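Spelled out, the chains give:
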Amino acid sequence: MQVIATFCGGRELVAARSFETMIDTRVAACLALLAFGVRTASAAALDDAAEQYRPYMIEGIGQALAGARNLRERAAAGDLAGAKKAWVSARAGWERSEVFTAGFVPELDAEIDAWPNADSGYHAIEAALFGAGRTDVGKDADALVEHLDGLHAKLRDMPLPPQGLLDGTVRLAYEVGESKADGGESRISGTSLDDMRNNVAGIEFAYQTIFSPSLKNADAKLAGAVDTRIAQLKTIVAAPDLQHIDVTALRRASEELVITLQDASNKLGLHRSTLEAASR
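Residues numbered from 1 in each chain as written. Predicted model: local features only at pLDDT ≥ 70, side-chain atom pairs only at ≥ 80, totals over all residues. Heavy atoms only, no water.

## Regarding the overall build of the chain
Thought 1: The number of helices and strands found in the chain is eleven helices and zero strands.
Thought 2: Tracing the chain from N to C terminus, the helices and strands come up as α-α-α-α-α-α-α-α-α-α-α.
Thought 3: Every one of the 280 residues in the chain was classed for burial, and the buried ones make up 44%.
Thought 4: Taking as baseline every contact in the chain between residues at least 6 positions apart, the subset at least 24 positions apart corresponds to 74%. (Helix = DSSP H or I, 4+ residues; strand = E, 2+ residues; numbered from the N terminus. Buried < 20%, exposed > 50% of the residue type's maximum accessible area, 1.4 Å probe, protein only. Contact = heavy atoms within 4.5 Å.)

Structure follows, in structure tokens:
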């Protein structure tokens, strides 16, 4: 085009160059719009996938609430064995839900599951039931039921931004390796290994439901790496008891999963997740 314009005269050359600039600008704008459209489609896919996670979240907190109510009843009746069993059930539902609890309701999480400070919530009750063999936990049991009931009532309408759920997945993956490997969070009851297993189950479900389909489309190799890291964690926590956990391997697998999920953030169109508020 420039050769023709030069042959025809300088004015035509300027016009041609202006036309080329206009075309380049339009192409750039189109590419930008296309990229925006891809990001928008990806964001919409993640939003839809996050809604698929909601029933799991409701079920987990529902189990925790049902267990807490049963715990309160058994403790009031002086049934120590029944109260312990109910505590374990209530605990399992909560631990499967920690992908979202610490990040979305941090103040409530501190009331329900403060650790190692056991002044309230699960661990205050644990110390009484499993440590002292007492069932006089009425006040703490009432508070636990009240907190869980209030949370459960909000879950159907609670916004579930994918960024927050990815952040929660990353932080819980870190916590499994760093905070629970050397004796665990529920040492008095001896259920720390169950905590870890339920945490990993929660991580796997959140990842597979919300993030895996989009990540496979964006980077199948990276998606496969996340699958591998989660499988490694599942294998490690399948040990027969806490004493047989390979702590070094657990921490390494945990850290590698954290890094891999952080690498996936950009591929998913999200900000890189950090470890802020990773420990309570």
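## Side note on the confidence of the model for the chain
Thought 1: Of all residues in the chain, 82% have pLDDT values of 70 or greater, and the mean over the chain is 86.
Thought 2: Within the chain, the lowest mean pLDDT, 39, falls on helix α1 (residues 2-8), and the highest, 97, falls on helix α10 (residues 220-236).
Thought 3: Counting contacts from residues 1-9, a segment whose pLDDT is below 50, to residues more than four positions away or on other chains yields ten contacts.
Thought 4: Below pLDDT 50 for its whole length, residues 29-38 participates in zero contacts with residues either more than four positions away or in separate chains. (pLDDT = per-residue confidence, 0-100.)

## Considering the packing of helix α8 (residues 162-178) against helix α9 (residues 192-218)
Thought 1: Running from amino to carboxyl end, α8 crosses α9 at an angle of 150 degrees, the nearest separation of the two axes being 10 Å. For the element pair α8 / α9, the angle class is roughly antiparallel. Two packed elements cross with a definite hand, and for α8 against α9 that hand is left-handed. Note on element contacts: α9 touches α8 through Met196, Asn199, Val200, Ile203, Ala206, Ile210 and Phe211, opposite Pro162, Leu165, Leu166, Thr169, Leu172, Ala173 and Val176.
Thought 2: For the contact of α8 with α9, the per-class residue count stands at twelve nonpolar, two polar and no charged. (Axes fitted to C-alpha atoms, helices over the stretch in contact; angles between N-to-C directions. Parallel < 35°, antiparallel > 145°, perpendicular 65-115°, else oblique. Left-handed = near helix turned anticlockwise from the far one by under 90°. Nonpolar A, V, L, I, M, F, W, Y, C, P; charged D, E, K, R; others polar.)

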